[in-house]
Amino acid sequence: MSPEFTATVATSPKSAPIQADPSADPARFAGDALVLFLGPGEVSGAAAELDQATGGLITTLIENGDLTGKRYECVPLLAPPGLACGQLLVIGTGPAAEADAGLLYRAAAVASRQLSSRPRSRVGFLAEGRWTNDQLEQAVAGAAVGMVGQDIYRAEKKQHPFPATVWLGAAVEVVTRGALIADGVNLARRLVNLPPDDLYPETFAEEAATIAGRVGLEIEIWDQPRLEREGCRAMLAVAKGSSRSPRLVVLRYRGPGQQSDRPDLALVGKGVTFDSGGLSLKPSDGMLAMKCDMSGAAAALGAIATIAALKLPVDVVAAVGLVENMNGAAAYKLGDVVTARSGTTIEIHNTDAEGRVVLADVLDVVADLQPRRIVDVATLTGACMVALGRDIAGVFTNDQACCDAVVAAAEAVGERVWQLPMDRDFDEQIESPVADIKNVGEGRLGGAITAAKLLERFVRGIPWTHIDIAGPAFADKPRPWIAGGGTGSMVRPFVELARRTQHAQD
Ligand code: BES
Ligand code: ZN
Ligand code: ZN
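Predicted model only: the values in this text are computed from it and were never measured.

Trainee: Please explain the coordination of the zinc ion (ligand 2) as it appears in this structure.
Mentor: Working reference: metal with six octahedral donors, ideal angles 90 or 180 degrees; metal with four tetrahedral donors, ideal angle 109.5 degrees. Only Asp275 (OD), Asp352 (O), Asp352 (OD) and Glu354 (OE) from the protein coordinate the zinc ion (ligand 2), and they sit 2.0 to 2.2 Å from it. Because the angles between the six donor atoms bound to the zinc ion (ligand 2) fall within 72 to 169°, the donor set is best described as irregular. Taken in sequence order, the residues that donate to the zinc ion (ligand 2) follow the motif D-x76-D-x1-E. Between the zinc ion (ligand 2) and the zinc ion (ligand 3), both coordinated by Asp275, there is a metal-metal distance of 3.2 Å. Accessibility expressed as a relative area gives 23% for Asp352, which makes it partly exposed.

This is the structure:
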């Protein structure tokens, strides 16, 4: 391999080097494994080269029906004749016409997940010449996400990230971008996977400060006294039942040559580091996964870190509200009326509907900066999972153009979102006889929408989209392309959205 064609990327100290080798000969790649992506009936490009080098092995297997190329099919060919690698792993990608960027992200992750089940020293991936740069970038990201598991605290690891990954036939810049995207996704996943007694508002804020230092972001951390001075009494109310004090973290990225003081994009995240439900206590079964209730904050942090590492020409702010929702002696109560920073009073009808109460203040803080768009992301409601299932996030908006941009960015990277309506009658449901609003609707029906309606009250008419990731943020069970636990949902869409956002002067 010629060193001048090799880029090594490691933005986080733990991320393993990922390299590009644009002119490598796949047959001579001497690593532990080489991954070949294959669709049905396609023996062209890299596949044709390898077929020839192996004396027709691939075509024979296809004829025998052992290699079909269907989506996520995983066929390891050990000690392949004529090749220098230890194994050739063939991953099915389905018909070429259906291969979007999301499919390649997952297909590459399937390969990495499979190979990382035991330690490897060097793994190669074959980039296909017909892929677009976007597809290749997502495949690189998927490969780096798939090798990382949720076994942070296991002595005997279930997954072993490769110390070295090489993308054969790929351009250095594209591989670098893919690796930086994976760093953001894996950062978000790690934060979600950390246990709540290790990751709480203060330690999340410390993590954010570390990342900010590494990628060069401005950071402001508001501790409890500052939150009191700022009048963030909604956030503070939620935090009252916990021995852990809350934090609000604001991160600011200004792209090269940015002069305007108005952010082009604000990312806002729900950072409930553990949601017991408070006095409206959750049943034990539903509580186990509630370390994931800071997934929105993790996504906002992961995304802005990658946006900064990519040096995108935009001005982005990320703000996260970090609290633990507990039922200690000082816990906020049903019937309490809290005055949010905006002055709006909220009557508490259920202490488990805490995310919207926290976000009320974070959105107000962000609105002070007058961003052109606000996108918030939150594991907000079980109702959204009832509506859309585990894999699809709900989106809600006060501005269709803003929402369309979010939806297009998510689709471009293969994350599923679906817009839900914001009809006026849902506003009536959050009216309260004693305060300006109450924190739940009438009964359970349309619960994801009433939650969004509450948030809308705090964005001061700025174009805004809310994303409810209660379903996709956390996987109870492993999937072929990802271990169980945090998924890093919305990091890639946010990076894509920032990339599509034009910086506006004035
Ligand atoms: N954090 C939960 C929502 C959630 C549920 C996230 C399942 C991930 C998986 C949220 O704070 C909550 O408890 N919402 C309540 C609202 C209700 C009390 C109006 C819910 O969805 O049940
Ligand atoms: Zn809750
Ligand atoms: Zn919650």
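Trainee: Explanation requested: the site of ligand 1 in the structure shown.
Mentor: Lys282, Asp293, Asp352, Glu354 and Gly382 are the nearest of the 16 residues found near ligand 1. Side-chain polar atom of Glu354 to an oxygen atom of ligand 1: 2.8 Å apart, as the coordinates give it. With respect to ligand 1, the backbone of Gly382 contributes an N or O atom lying 2.6 Å from an oxygen atom. Its free accessible area being 520 Å², ligand 1 has 77% of it covered by the protein chains.

Trainee: Looking at this structure, I do not really get a negative patch on the surface. What am I missing?
Mentor: Among the surface-exposed residues, Asp423, Asp425, Glu428 and Glu431 lie close enough to one another that they form a single negatively charged patch. Along the chain, Glu431 turns up in the loop between helix H14 (425-429) and strand E16 (437-438).

Trainee: Sorry, what's going on with the state of the cysteines here?
Mentor: Structurally, a disulfide amounts to a covalent bond that connects the sulfur atoms of two cysteines. Inspection of every chain in the model, using the stated rule, returns zero disulfides. Left unpaired, Cys74 is separated from the closest cysteine sulfur, that of Cys85, by 15 Å. Classification of Cys74 by relative accessible area gives partly exposed; the value is 24%. Counting only cysteine sulfurs, Cys384 is the nearest neighbor of Cys292, a cysteine outside any disulfide, at a range of 13 Å.

Trainee: I tried to follow helix H11 (residues 355-367) on my own but got confused; where do I start?
Mentor: One turn of an α-helix holds 3.6 residues; hence residues three or four places apart share an orientation. With 13 residues, H11 should reach 18 Å at 1.5 Å per residue; the first-to-last C-alpha distance of 18 Å fits that figure. H11 sits mainly inside the fold: 13 of its 13 residues count as buried.

Reading guide: rules and limits
Residues numbered from 1 in each chain as written. Chains lettered and ligands numbered in written order. Predicted model: local features only at pLDDT ≥ 70, side-chain atom pairs only at ≥ 80, totals over all residues. Heavy atoms only, no water. Donors = N, O, S within 2.8 Å, 3.2 Å for Na, K, Ca; no water. Tetrahedral: all angles 85-135°; square planar, octahedral: opposite > 155°, others 65-115°. Buried < 20%, exposed > 50% of the residue type's maximum accessible area, 1.4 Å probe, protein only. Near = heavy atom within 4 Å. Polar contact = N/O pair within 3.5 Å; in protein donor to acceptor, adjacent residues only side chain to side chain. Areas by Shrake-Rupley, 256 points an atom, 1.4 Å probe, with all protein chains shown as cover. Patch = residues over 30% accessible without salt bridge, like charges linked within 9 Å, V, L, I, M, F, W, Y side chains within 5 Å. Salt bridge = Lys/Arg side-chain N within 4 Å of Asp/Glu carboxyl O. Lys, Arg positive; Asp, Glu negative; His and termini not counted. Charge placed at Lys NZ, Arg CZ, Asp CG, Glu CD. Helix = DSSP H or I, 4+ residues; strand = E, 2+ residues; numbered from the N terminus. Disulfide = S-S within 2.5 Å. Expected span 1.5 Å × (residues − 1).

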